[in-house]
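Given next are the chains, with one letter for each unit.
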Amino acid sequence: MSPPNPFSPDVVAAVTAHMNGDHPEDTLLICRAFGGAPGATAARMTGLDGDGGDYAVTEDGAERAVRVPWGRPLTERPQIRAEVVRLYREACSALGLVPREQHPGGAGAAGSGRNSTEA
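Residues numbered from 1 in each chain as written. Predicted model: local features only at pLDDT ≥ 70, side-chain atom pairs only at ≥ 80, totals over all residues. Heavy atoms only, no water.

> Sorry, what's going on with the overall build of the chain here?
When its secondary structure is counted, the chain shows three helices and three strands. Order of helices (α) and strands (β) in the chain, N terminus to C terminus: α-α-β-β-β-α. The buried share of the chain, taken over its 119 residues, is 42%. Restricting the contact set of the chain to residue pairs at least 6 apart, pairs at least 24 apart contribute 49%. Carbon and sulfur atoms make up 53% of the accessible area of the chain, which totals about 6300 Å². (Helix = DSSP H or I, 4+ residues; strand = E, 2+ residues; numbered from the N terminus. Buried < 20%, exposed > 50% of the residue type's maximum accessible area, 1.4 Å probe, protein only. Contact = heavy atoms within 4.5 Å. Areas by Shrake-Rupley, 256 points an atom, 1.4 Å probe, with all protein chains shown as cover.)

In structure tokens:
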């Protein structure tokens, strides 16, 4: 039996809405690099828990579910942003891309301030 999700439905909804609304390209790169979907043309985050993120990817015209594990178990909301930024940077490296510069205030792929995955 899986442990209970450490993140409330409100947190999951806020993070997925933020990633899908503000960072669809980052989500796509993460799924291409770590979700077994190198040919994906679209991706959206559908959920998350302490062990990983859930995504729906479109590849070869069909949508399918993908799970990308976190590098370590997450239990606190601020860890989500840090983990997504790490995955984005590692995905860029794995795919031979240069990650964009961080935004002021130290936020990277997952946004900054109130509009980050901590929304």
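> Looking at this structure, I do not really get helix 3 (residues 77–94). What am I missing?
Since the α-helix turns once every 3.6 residues, residues separated by three or four places project in the same direction. The terminal C-alpha atoms of helix 3, which comprises 18 residues, lie 26 Å apart, in line with the 26 Å expected from a rise of 1.5 Å per residue. Along helix 3, the positions that sit buried rather than exposed are Gln79, Ile80, Arg81, Glu83, Val84, Val85, Leu87, Tyr88, Ala91 and Cys92. In this structure, the buried side of helix 3 is in contact with helix 1 (9–22), helix 2 (24–34), strand 1 (42–48) and strand 3 (62–69). Count one or two residues on from helix 3 and you reach glycine 96, which has phi positive near 75 degrees. (Expected span 1.5 Å × (residues − 1).)

> Honestly, the nonpolar core in this entry has me stumped. Any pointers?
Of all hydrophobic cores here, the largest spans 26 residues; its most connected members are Ile30, Leu48, Tyr55, Trp70 and Ile80. Taken together, the elements giving at least two residues each to this core come down to helix 1, helix 2, strand 1, strand 2 (52–59), strand 3 and helix 3. Among the elements that make up this core, the one with the highest residue count is helix 3 (six residues). (Core = buried A, V, L, I, M, F, W, Y, C linked by side-chain atoms within 4.5 Å.)

> Where do I start with the pairing of strand 2 in this structure?
Put simply, side chains in a regular strand alternate between the two faces of the sheet. Among the eight residues that make up strand 2, six are buried, leaving the element largely enclosed by the rest of the structure. As paired strands, strand 1 and strand 2 are joined by six bridges and run antiparallel to one another. Of the residues in strand 2, the one forming a bridge with methionine 45 is tyrosine 55. What sits between strand 1 and strand 2 in their antiparallel hairpin is a turn of three residues. Looking at chain direction, strand 2 and strand 3 are connected through eight bridges and run antiparallel. By the bridge assignment for strand 3, glutamate 59 is matched with alanine 62. Turn length for the strand 2-strand 3 hairpin, with the two strands adjacent in sequence and antiparallel, is two residues, and the turn residue aspartate 60 shows positive phi of about 55 degrees. (Pairing = 2+ DSSP bridges.)

> Would you take a moment to explain the side chain of histidine 18 for this structure?
Take histidine 18: it is sitting in helix 1. A distance of 3.1 Å separates the side chain of histidine 18 from the side chain of histidine 23, its partner in a polar contact. (Polar contact = N/O pair within 3.5 Å; in protein donor to acceptor, adjacent residues only side chain to side chain.)

> Explain the sheet that holds strand 1 here, please?
Within a sheet, each strand pairs with its neighbour through backbone hydrogen bonds, oriented either parallel or antiparallel. Spatially, three strands are ordered 1-2-3 in an open sheet, and the strand pairing comes out antiparallel. Among the strands making up the open sheet, the edge pair consists of strand 1 and strand 3. With direction set aside, neighbouring strand axes in the sheet form an average angle of 25 degrees. (Axes fitted to C-alpha atoms, helices over the stretch in contact; angles between N-to-C directions.)

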